[in-house]
Amino acid sequence: MKSFYIIFFVLFTCVSFAQNVKVLNKTTQEPIFGVAIYNVDKSKSEITNFRGEASLSEFDEGEVIYFKHLSHVLKQTTKFIIGSRNKIYLESNTEGLQEIVISASKFQQNKRDIPQKIVSLNSKNIQFTNPQTSADLLETTGQVYVQKSQMGGGSPMIRGFSTNRLLITVDGVRMNNAIFRGGNLQNVIAIDPFSIQNTEVTLGAGSVIYGSDAVGGVMSFYTQKPQLSYTDSLLVKSNVVARYASASNEKTGHFDLNLGYKNWGGFVTSASYTDFGDLKMGKNGPDDYLRPEYVVTTAEGDIVQGNSDPLVQKYSGYNQLNLMQKVRYEPLENLSFDLGLFYTTSSNIPRYDRLIRYRSGTLRSAEWNYGPQNWFMSNLQVTKLSSNSNLYDKIKATIAYQNFEESRMDRDFQSSIRSIREEAVDAYSFNLDLEKTLDSKTQFFYGFEYVYNKVTSSGEDENIDSNTLELTVSRYPNGATWQSTAVYSSIKYKPNTKFVFQSGLRFNHVVSKADFTENNVYLNLPFTVSNNEAGALTGTAGVSWTPNKMMQWKLNASSAFRAPNIDDIGKVFDSEPGSVVVPNDNLKPEYAYGGEVGLKLNFNESLILDLNTYYTYLDNALVRRDYSLNGETEIMYDGELSNVQAIQNASKAWIYGFEVGLKYKLSKQLELTSQYNIIGGTEEDEGIEVPIRHVAPYFGNTHIAWAKNKLKVDAFANYNNELSFNQLAPSEIEKDYIYALDADGNPYSPAWYTLNLRTQYQWRKSTSISASIENITNQRYKTYSSGIAAAGINVILALKYSL
């Protein structure tokens, strides 16, 4: 009997210690591919496969084994300690995670190899910053400036560019459509921050990979991927979040559920609902921002009512619902099918900057709302990461459909006519992206893209007294189409670990068609149809050079373009009080030519300095300028005699800037980071150089973060320089109602700062608590060009429970 136990023990030991091991991310539970497993002298080694698995059969039971991966903390253990669990969990290394980026070529690359500057945020960053919207998430990078016309807004500015000169992508699908406008855009808030796994912001041109609109930068959002169990057991993960913010009486609830089975099936369901009340501004600042009165509609008509608390920005609240469903199927370890469904809808969103306008000493508007903003996207992505084909090693095909619905409803004070404009865009796209390794030093990326947009648009005047509707001019030509076809290629040459050269070319052909017959009843245009065709060739070339461990240089030159879209060619709208924009069928693409130089200094990881400077020349710029229609410079629009304007290729622009970032480890637990951005630029306006509208003031932030065990604390300041009256663009001066007034009575954008404290405590393994106090000194301020004042002192509490 004793012999039996000895034999059993020996057999059990042999089986146990000849086992495979599965390496998983401690936070996400996802398998980690490419983990190097080795002993002290590296005489024995293994690499994990796509399932995170590797054999430990050649290691001795008491031998120290190391598990090393670029984006995770090095772990050492022994085969004996691993025992029969057969699993190893590695902790994410934030810096390492940020070294891998996707947006530069559509496939994973080391961030150090990319000549351009890319700012990355991972799921841990997002969870800790706890942003209210995706626009607020971008703002936390310290290098994206955000303008807000209303609380339900957030228009990013990057290196002097904004709106339709910036590109937004979600899981690789372009969100920009045919009616993305030059005025401030709010579409980014349709993306649920709770659903985002990581975000990459490319600073500077990205037209070679992404085509039209990627002039000033690309904001790439990647949402949660379904996690698979890679075992016979069903993987179940769930998160529930509740959040409250005092300044807007915000109440948010979020729920997500992940189901994963074996190596082939996974599902993620995500839902978020947010309700915002009227936003309360700070106590200390310009009186010009106060809300002393507002319009109330009664049975007897519209009346102006005094505001009992002028700090409360009446009629700024709204609510929003975000839904996401994703499905992942992996029939083979290097082949995956990913289906994503997204739906976002909102209540009416009051356009606050229009509600505070006065005319002849009285509030101009009784109501001004964006109607429910609806966005739906479905996309199917097929990815193969290994192939013996002579044409590619990796291939990714993406087909997507999006539907955008938006509307505008406004009514003047004591008017019985409510103007209603409704727009919708059906957007179809197909992308084919490929990667081929030509030799040990050279990789080749290439692809094809097709995009088709169809616009529907209508206009009505509603008489609220008689409840009757009358057709009127629509914002866009109904039935207009915009389509783009493109091919691109890019090459990466890396002769050694110190030097990388990347270069690329893209050719785009863009066609737009519009029929103005319906609107000609009201406008009497000199044309009835518009057929606009444009070809664009853009390129980029850059190097990344790391002569030693302390220093890295980056140099990049690129060109970019934006083709006229339906908003440029066919829009009809009141751009400002007393002005109306009319169609112009004679437009060409605008081009940007620029370069940047970056230097990163790393002093033994204890002090890191990141310096960048850039310059961009924008030619044939599409801008809004005075125009004539049938020889007339003024026409009646919505009952008001208005100055005629149109989008025209009428300008040139010169934009330049300098960025400096600092990271200093004061101790193992304490870290100081800071970012400051200097931006300048002018554009040509009828032969005179004037400031550019979307060049933000100098701005930055400074953080002191402390983390130990379960607690993390971040004390930080955000700050913003003044833009004087002489530094404002002419179009901003005309919007004096959103600005403070200087000593001479002229509009200007004052400097401001906020002091803030953010904390996160991991109470239990399943429960975390976040608490923040923003704007501690209760400053009253507006970010540049914003119609609504920012929150005053704001207490934010969030509770997260994970299963």
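All values derive from a computational prediction rather than experimental measurement. (Residues numbered from 1 in each chain as written. Predicted model: local features only at pLDDT ≥ 70, side-chain atom pairs only at ≥ 80, totals over all residues. Heavy atoms only, no water.)

A. Region of interest: the overall build of the protein. Across its full length, the protein holds 10 helices and 52 strands. Taken over the C-alpha trace, the protein has a radius of gyration of 28 Å; the compact-globule value for 803 residues is 28 Å, and the two agree within 12%. Counting every position in the protein, which comprises 803 residues, the buried fraction comes to 55%. Here the protein has roughly 33,700 Å² of accessible surface; of this, 56% comes from carbon and sulfur atoms. Distance between charge centres in the protein, computed from 76 positive and 84 negative side chains, equals 11 Å. (Helix = DSSP H or I, 4+ residues; strand = E, 2+ residues; numbered from the N terminus. Rg over C-alpha atoms; globule rule 2.2 N^0.38 Å. Buried < 20%, exposed > 50% of the residue type's maximum accessible area, 1.4 Å probe, protein only. Areas by Shrake-Rupley, 256 points an atom, 1.4 Å probe, with all protein chains shown as cover. Lys, Arg positive; Asp, Glu negative; His and termini not counted. Charge placed at Lys NZ, Arg CZ, Asp CG, Glu CD.)

B. Molecular detail of a nonpolar patch on the surface. On the surface, Leu-339, Leu-341, Leu-380, Ile-399, Phe-430, Phe-448, Val-487, Leu-505, Phe-507 and Leu-537 cluster together into a nonpolar patch covering about 840 Å² of accessible area. Broken down by secondary-structure element, the contributors of at least two residues to the nonpolar patch are β24 (335-346) and β35 (499-515). Secondary-structure assignment places Leu-380 in strand β29 (residues 374-384). (Patch = residues over 30% accessible without salt bridge, like charges linked within 9 Å, V, L, I, M, F, W, Y side chains within 5 Å. Salt bridge = Lys/Arg side-chain N within 4 Å of Asp/Glu carboxyl O.)

C. Quick look at the confidence of the model for the protein. Counting all residues, the mean pLDDT for the protein is 92, and 96% of those residues have values of 70 or more. A low-confidence stretch, residues 1-18 stays under pLDDT 50, and its non-local contacts, those more than four residues away or across chains, total 10 contacts. (pLDDT = per-residue confidence, 0-100. Contact = heavy atoms within 4.5 Å.)

D. Looking closely at the sheet that holds strand β3 (residues 45-47). The 4 strands lie next to each other as β3-β2-β5-β6, forming an open sheet whose pairing is antiparallel. Two strands in the sheet have a free side with no partner beyond their single neighbour: β3 and β6 (72-78). Across the sheet, the axes of successive neighbouring strands diverge by a mean angle of 15 degrees, strand direction being ignored. Both strand β2 (residues 36-38) and strand β5 (residues 64-69) contribute to a ladder of 3 bridges, which runs antiparallel. Bridge pairing in β5 links Ile-37 to Phe-67. (Pairing = 2+ DSSP bridges. Axes fitted to C-alpha atoms, helices over the stretch in contact; angles between N-to-C directions.)

E. Representation of the packing of aromatic side chains. Here the structure, examined in full by the defined rule, presents 18 aromatic pairs. Aromatic ring contacts, followed pair by pair, group Phe-376, Tyr-401, Tyr-428 and Tyr-452 into a single cluster. The side chain of Lys-396 reaches across the aromatic face of Phe-107, ending 5.0 Å from its centre. Its end group placed over the ring of Phe-128, Arg-758 keeps NZ or CZ at 5.8 Å from the ring centre. (Phe/Tyr/Trp six-rings, centres within 6.5 Å; stacked < 30°, edge-to-face > 60°. Lys NZ or Arg CZ within 6 Å of the ring centre and 35° of its normal.)

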